[in-house]
Amino acid sequence: MVRAGDPWLQIQSLVLDSVTSPHSKRAYRQALDGFQRWCVETGTAGFSKATVQAWRAALEREGLAASSINVRLSAIRKLAAEAADNGLLAPEVAVAVARVKGAKRHGVRAGNWLTLPQTEALLDLPASDTNKGLRDRAVLSLLVGCGLRRQELARLRIEEIQQRDGRWCLVDLRGKGGRVRTVPMPPWAKVAVDEWLATAGYAQGLLLGAINKADRITAQGMSAQSIYEVVQAYGEELGVTIAPHDVRRTFAKLAHQGRAPLEQIQISLGHASIQTTERYLGVAQNLTDAPCDHLGIHPRGPRGGETGRG
């Protein structure tokens, strides 16, 4: 097997360089480290199909979800391929490892999302008289009002906020897999963004900004990890455990409950099947009657009044 040391680090680097998403890099790194640690703890001496199958069985005994196990297996299959390409593993062994079956999904996971009252309460949590509160309100409003991924929000630029068909949208947003889409904004999300920008003084460039403990804006831009921590903190304040993807799922659930067309929700979310769905159903994006119009959310404004009605 490929052991720790220079060869291991070399192959690990090749595996991590093969993925572009920071989230995927982190998941692959954790998978490789976990596999190496398991091999040491169990005294496994060889890298083979049987070894990987035994590791998969160990992961199943730990009670990991099928999706988590399959991500780890993808990293190990990639490890085997890179090791074989670099003469560190017999090609036939790499082929055998590639045939290791993934964990089966039993049913469909319900996932985690907020109810309408919880969502409105979440949006009302950030303070209206601090820089951090105004920024965080913009963060939460864009996540739940537009269904953005945290990486998309971290990269969002002021210039991408434009009017289309008489409404404000995030135009030509580049999402997962390089797919480009236009995402409509609900009025209350635009209000939250405008209030943040008025305080930050930004006219162009990245929308969000870094804020220190003294509530001073220290830099333009905000990392995806910082966005995760913002959502997590307000979730704790609300009394629930949530992550940015749960807020994104909340967008989809509330929009669907509000009878937004399913294909329009898929377009706003930027799912990989959008193009197939459009060709199959012959649908075109509707910016006049958009998914975010069906959320039913009416957060209180900074002065206690509701925003986005009428």
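Summary of the structure given here. The residue numbering used here restarts from 1 in each chain and proceeds along that chain's sequence as written. Per-residue local features are limited, in this predicted model, to residues with pLDDT of at least 70; the limit for side-chain atom pairs, both in listing and counting, is 80 or more; totals at the level of whole chains, interfaces and linings are taken over all residues. The side-chain quantities take in all heavy atoms of the structure and omit both hydrogens and water.

**A look at the pairing of strand β1 (residues 161–164)**
Item 1. Each pair of strands is called paired provided DSSP finds at least two bridges between the two strands. Here a helix means four or more residues in a row that DSSP labels H or I, a strand means two or more in a row labelled E, and each is numbered from the N terminus. Both β1 and strand β2 (residues 167–174) contribute to a ladder of four bridges, which runs antiparallel. Looking across to β2, one finds that Arg164 is bridged to Arg167.
Item 2. Counting the residues in the hairpin turn of β1 and β2 gives two residues, including Asp165, whose phi is positive at 50 degrees.

**Overview of the sheet that holds strand β3 (residues 180–184)**
Paired through backbone hydrogen bonds, the strands of a sheet run either parallel or antiparallel to each other.
Item 1. Sheet architecture is open: three strands sit in the order β1-β2-β3, paired in antiparallel fashion. Edge positions in the sheet fall to β1 and β3, since each has one partner strand and no second. Going across the sheet, the axis of each strand differs from the next one's by a mean of 40 degrees, ignoring polarity. Lines are fitted to the C-alpha atoms to define the axes, a helix being fitted only along its stretch in contact, and any angle between axes, read from their N-to-C directions, falls within 0 to 180 degrees.

**Notes on the pattern of salt bridges**
Item 1. Here, a salt bridge means any Lys or Arg side-chain nitrogen found within 4 Å of an Asp or Glu carboxyl oxygen. In the structure shown here, the tally under the stated rule is eleven salt bridges.
Item 2. Among the ionic pairs, Lys132 bridges to Asp136, the shortest N-O distance being 2.5 Å. One end of the pair, Lys132, and the other, Asp136, are both in helix α7 (residues 131–146), four residues apart, so they sit about a helical turn from each other.
Item 3. The cut-offs for exposure are 20% and 50% of the maximum accessible area for each residue type, with area from a 1.4 Å probe on protein chains only; residues under the lower value are buried, those over the upper are exposed, and the others partly exposed. Relative accessible area serves as the criterion here: at 36%, Lys132 is assigned to the partly exposed category.
Item 4. Residue classification places Asp136 among the buried residues on the basis of a relative accessible area of 0%.

**Points about the packing of aromatic side chains**
Item 1. Here is the rule: rings of Phe, Tyr and Trp (six-membered ring for Trp) pair when centre to centre is within 6.5 Å. Planes less than 30 degrees apart are stacked, more than 60 are edge-to-face, and the remainder are tilted. Applying the stated criterion to the full structure yields four aromatic pairs.
Item 2. Measuring from ring centre to ring centre gives 5.1 Å for Phe35 and Trp55, while their planes differ by 75 degrees; the resulting arrangement is edge-to-face. Of this pair, Phe35 sits in helix α2 (residues 22–42) while Trp55 is found in helix α3 (residues 49–61), placing the two residues 20 residues apart along the sequence. As far as burial versus exposure is concerned, Phe35 and Trp55 are alike and both buried.
Item 3. Three or more aromatic residues joined by ring pairs form one cluster here, namely Phe35, Trp38, Phe47 and Trp55.
Item 4. Any Lys NZ or Arg CZ found within 6 Å of a ring centre and within 35 degrees of that ring's normal is scored as a charge over the ring. The lysine or arginine in question, Lys190, covers the ring of Trp168, its NZ or CZ lying 4.0 Å from the ring centre.

**A short note on the packing of α3 against helix α4 (residues 66–85)**
Item 1. Direction vectors running N to C along α3 and α4 enclose 160 degrees, while the axes themselves pass 10 Å from each other. By the criterion of interaxial angle, the relationship of α3 to α4 is roughly antiparallel. Crossing handedness for the pair α3 and α4: right-handed. For the pair α3 and α4, the contacting residues are Val52, Trp55, Arg56, Leu59 and Glu60 in the first and Ile69, Arg72, Leu73 and Ile76 in the second. Any angle between 65 and 115 degrees counts as roughly perpendicular, while under 35 counts as roughly parallel, over 145 as roughly antiparallel, and the rest as oblique. Here a crossing is called left-handed whenever its near helix is offset anticlockwise from the far helix by less than a right angle, and right-handed whenever the offset is clockwise. Contact definition: two residues touch when any of their heavy atoms are within 4.5 Å.

**Looking at helix α9 (residues 187–200)**
Item 1. Taking 1.5 Å of rise per residue, 14 residues should cover 20 Å, and α9 covers 20 Å from first to last C-alpha, within 8% of that figure.
Item 2. Restricting attention to buried positions, one finds in α9 the residues Trp188, Ala189, Lys190, Ala192, Val193, Trp196, Leu197 and Ala200.
Item 3. Residues of α9 that are buried make contact with α6 (116–124), α7, β1, β2, β4 (209–211) and β5 (217–220). The span one expects for a helix is its residue count, reduced by one, times 1.5 Å.

**Overview of the layout of surface pockets**
Item 1. Here a cavity denotes grid points, spaced 1 Å and computed from the protein atoms alone, that fit a 1.4 Å probe unable to get out, and a pocket denotes an open set having protein on both sides within 12 Å along at least 5 of 7 lines; residues with an atom within 4 Å of a point are the lining. Grid points are joined across faces, edges and corners, and a volume is the space filled by probe spheres set on the points. Empty space within the second largest pocket amounts to approximately 200 Å³.
Item 2. If you trace the second largest pocket, you find it lined by Gln30, Asp33, Gly34, Phe35, Arg37, Trp38, Glu41, Trp55, Leu59, Glu62, Leu64 and Arg72.
Item 3. For the lining of the second largest pocket, the elements supplying multiple residues, two or more each, are α2 and α3.
Item 4. Here the lining of the second largest pocket takes seven residues from α2, the largest share from any one element.

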